[in-house]
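So you can see what is in the structure, the chains are spelled out below.
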Protein chains: 2
Amino acid sequence: MADAKNATRKGSATLSLPLNKIVQGDCIDVMNSLPEKSVDVIFADPPYNMQLKETLSRPDNSKVDGVHDAWDKFSSFNAYDEFTYRWLDAARRVLKDTGTIWVIGSYHNIFRVGTALQNLEYWVLNDVIWRKSNPMPNFRGTRFTNAHETLIWAAKSADKGGYTFNYDAMKAMNDDTQMRSDWTLPICSGGERLKNGDKKAHATQKPESLLYRVLMSSTKPGDVVLDPFFGTGTTGAVAKKLGRDFIGIEREDEYIKVAMERISNVKRLDDETLGFTQSKRAQPRVPFGSIVERGMIEPGTTLYDCKRKYTARVRTDGTLITDMEKGSIHKVGASVQGAPACNGWTFWHVEQKGELLPIDFFRQQVRAEMN
Amino acid sequence: MADAKNATRKGSATLSLPLNKIVQGDCIDVMNSLPEKSVDVIFADPPYNMQLKETLSRPDNSKVDGVHDAWDKFSSFNAYDEFTYRWLDAARRVLKDTGTIWVIGSYHNIFRVGTALQNLEYWVLNDVIWRKSNPMPNFRGTRFTNAHETLIWAAKSADKGGYTFNYDAMKAMNDDTQMRSDWTLPICSGGERLKNGDKKAHATQKPESLLYRVLMSSTKPGDVVLDPFFGTGTTGAVAKKLGRDFIGIEREDEYIKVAMERISNVKRLDDETLGFTQSKRAQPRVPFGSIVERGMIEPGTTLYDCKRKYTARVRTDGTLITDMEKGSIHKVGASVQGAPACNGWTFWHVEQKGELLPIDFFRQQVRAEMN
DNA sequence: AACTTGGTTGAATCAGCAA
DNA sequence: TTTGCTGATTCAACCAAGT
């Protein structure tokens, strides 16, 4: 599919998706060489040092006067912004319309990133706080201990829905309450920390637990995950383990070498393990009429709400009727309560042996047969 | 002092600081009418530009009372940015060179605010996360529960130090470990929430506990705290309680009325209570030698730990000596215990009338004399 | 008096699909 | 592009009333 799409793009490199590979090069160039709308999720951990000014040409009036400090600062923010807009723009092109992007940063850069995302018409879904359970202490006692980093999760645009959020899986992972926007996870240390000899292979290696939660929440098995600042490949390692395809982009030989070695040692989990709590929304639609049609509920049956306050009778076509109203299980359920909306499946019950059984029970039976 | 400064500024309104008052008007106009470099700390809770679309209902079909006030409506990000740059610029003028600013926001606006702060040459000290212990859930299961807000704490510029950070008070408040950049506090509800009849007086009232920590960490008693979006006056109420002076700026009659009533019911804490929480760092250093020098403790005196397990004798130069060791009160205290470190001021005691008195008592006496 | 139950509420960018 | 239907979806606190 990606190849077919790619072949139709004129004037661009005809490159099929380099799945589960690390592409060496500048991330903007490489992303521009990939087919558009081909990636499900992007995870990006961009550099946030502000020392980019050396690599960028200064304006002509480079006479540095008394306010040189401020000028330098401003110019470096400008340079950083330009870089940020360029890679975020390239990222947006390769993202599917239903895709989302994650960017991680600290207060040095995350405000610039967030502003750029919004200006490029990405639609912020959440800002997520990674609370480090074991942050580096502040040695000078002049500020609060910097104990968190910020991730921004954004969709391609406000009007393009359909993004993946595995709500039920997240809720299950969090002891059955909704996953919040703050995640408490340890930093990457110990055996997980990749070394070259006795010095760390990468200054800002992220913990796999962080990527685990990112990918579990916003991707499905088989999705394509792109990381434009691949580093030592945490994104790739976790994607492989979770049965997602990855594309890594990285400039430095040394990081690529370490990442390839690392990922080759990762095993993909088996399909059964990869199964996760599915959203109810993803299940097939079963009309109430088919429950009646199959004779699971006879026409003429009286339905009750859970407190037997309201009743309605089932008609042959799967609609309900009361003294006042007739229509779908949802419409009549809303109407009798005077509510704006109602889920008829959980609202209405049938009486069996004196007990009330929600009509959703029959839908579940039908769905079970369908598998 | 404020008057004197103000009188020397030519061409500006000669307005003395309206301490502990609420000034009605547009915050930019009012700030521009105040003398420059006159305020120690600014706390600002600007509109978030939430861009809410339709009404949201809970699973039980009740309606969420969202923020639909006119003051939160902006036509575009551009309009919001212009507003932000203008008020942050006016704020910077009234801030002392040693002053700091706090701004609170959510992902809707905080990236714009952070970018503006950096572009205006404020210097970010921390971003602080307010983790809500009881946030509103996400009712549709479409995102992570929005369980935090972000505060940015910034100095006037990178090269203007001397700002207040009460490191020790923060550490003491946090069970003697450094205060982190994430603060877990409940939202404002229950009896604290101000009401007009049975509806809330302000859509976005902040909890006093949040302002307590802000003011405790970054101001001293007697400091001037400005809040350009005063609302129902949480900043003023906490400032008054903590013995700080406040200046409130607010446009709406109704909010001002509620705030004035509220603040009039607040009592200032007594000096002793306020003093207890002062930073040790802000207090002048007193060498143990000067205690000996002054004759408050005679050379040759025996010091004890609080359980009389260890002893040491005072030498003329203010060092201690045991059988094994000699050195500072801290070094010898650590050594006798076999501990890596020790605060000699609280570890060592002198005997007076059979009772043990910590030597820190004498340091406090010296400090009291110095004020 | 202590405990249980039920109702209310909070800075919210809160659906997806087919006709 | 818009409309309309199906049907999925909540946590911690506080408070009032009942047991």
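What comes next is a walk through the structure. Computed from a predicted structure; not experimentally measured. (Residues numbered from 1 in each chain as written. Chains lettered and ligands numbered in written order. Predicted model: local features only at pLDDT ≥ 70, side-chain atom pairs only at ≥ 80, totals over all residues. Heavy atoms only, no water.)

Residue and element names in this part refer to chain A. Spatially, the 8 strands line up as an open sheet ordered β1-β10-β9-β2-β3-β5-β4-β6, and their pairing is mixed. With one partner strand each, in any of the chains shown, β1 (21-24) and β6 (182-185) form the two edges of the open sheet. In this sheet, neighbouring strand axes are inclined to one another by 20° on average, regardless of whether the strands run parallel or antiparallel. The sheet contact formed by strand β4 (residues 123-132) and β6 spans 4 bridges and is parallel. Across the sheet, Ile129 pairs through a bridge with Asp182, a residue of β6. Contacts from helix α6 (residues 208-218) reach β2 (39-44), β3 (95-105), β4, β5 (148-155), β6 and β9 (224-227), with the element oriented near 145° to β6. (Pairing = 2+ DSSP bridges. Helix = DSSP H or I, 4+ residues; strand = E, 2+ residues; numbered from the N terminus. Axes fitted to C-alpha atoms, helices over the stretch in contact; angles between N-to-C directions. Contact = heavy atoms within 4.5 Å.)

Membership of the largest hydrophobic core comes to 70 residues, with the highest contact counts inside it found for Trp87(A), Ile101(A), Trp87(B) and Ile101(B). Here Ile101(B) is in contact with Ile42(B), Trp87(B), Leu88(B), Ala91(B), Leu95(B), Leu117(B), Tyr122(B), Ile152(B), Trp153(B) and Ala154(B), once residues within four sequence places are set aside. Counting residues in each nonpolar core, the second largest holds 37 residues, with Ala169(A), Met170(A), Leu211(A) and Met216(A) among its members. (Core = buried A, V, L, I, M, F, W, Y, C linked by side-chain atoms within 4.5 Å. Buried < 20%, exposed > 50% of the residue type's maximum accessible area, 1.4 Å probe, protein only.)

Right, let's talk about helix α6 (residues 208-218) of chain B for a bit. Judged by how many residues are buried, α6(B) sits mostly within the fold: 8 of 11 residues are covered. Considered for burial, the residues of α6(B) that qualify are Leu210(B), Leu211(B), Arg213(B), Val214(B), Leu215(B), Met216(B), Ser217(B) and Ser218(B).

Looking now at the interface of chain B and chain A. Interface size is commonly expressed as the accessible surface area that is lost when the partners come together. Contacts between the two partners involve 53 residues from chain B and, on the opposite side, 55 residues from chain A. Buried area between chain B and chain A, both sides added, is near 4,800 Å², and the carbon and sulfur share of it is 50%. Together, Phe111(B), Arg143(B) and Phe144(B) form the three largest contributors to the area buried by chain B at its contact with chain A, with a combined 18%. Taken together, chain B and chain A are joined by 2 salt bridges. Counting across the interface, chain B meets chain A through 35 residue pairs in polar contact (both at pLDDT 80 or more). When residues of the side of chain B that touches chain A are assigned to their parent elements, the largest contribution, 9 residues, is made by strand β4 (residues 123-132) of chain B. Broken down by class, the residue content of the side of chain B that touches chain A amounts to 23 nonpolar, 19 polar and 11 charged. (Buried area = accessible area lost by both parts, 1.4 Å probe. Salt bridge = Lys/Arg side-chain N within 4 Å of Asp/Glu carboxyl O. Polar contact = N/O pair within 3.5 Å; in protein donor to acceptor, adjacent residues only side chain to side chain. Nonpolar A, V, L, I, M, F, W, Y, C, P; charged D, E, K, R; others polar.)

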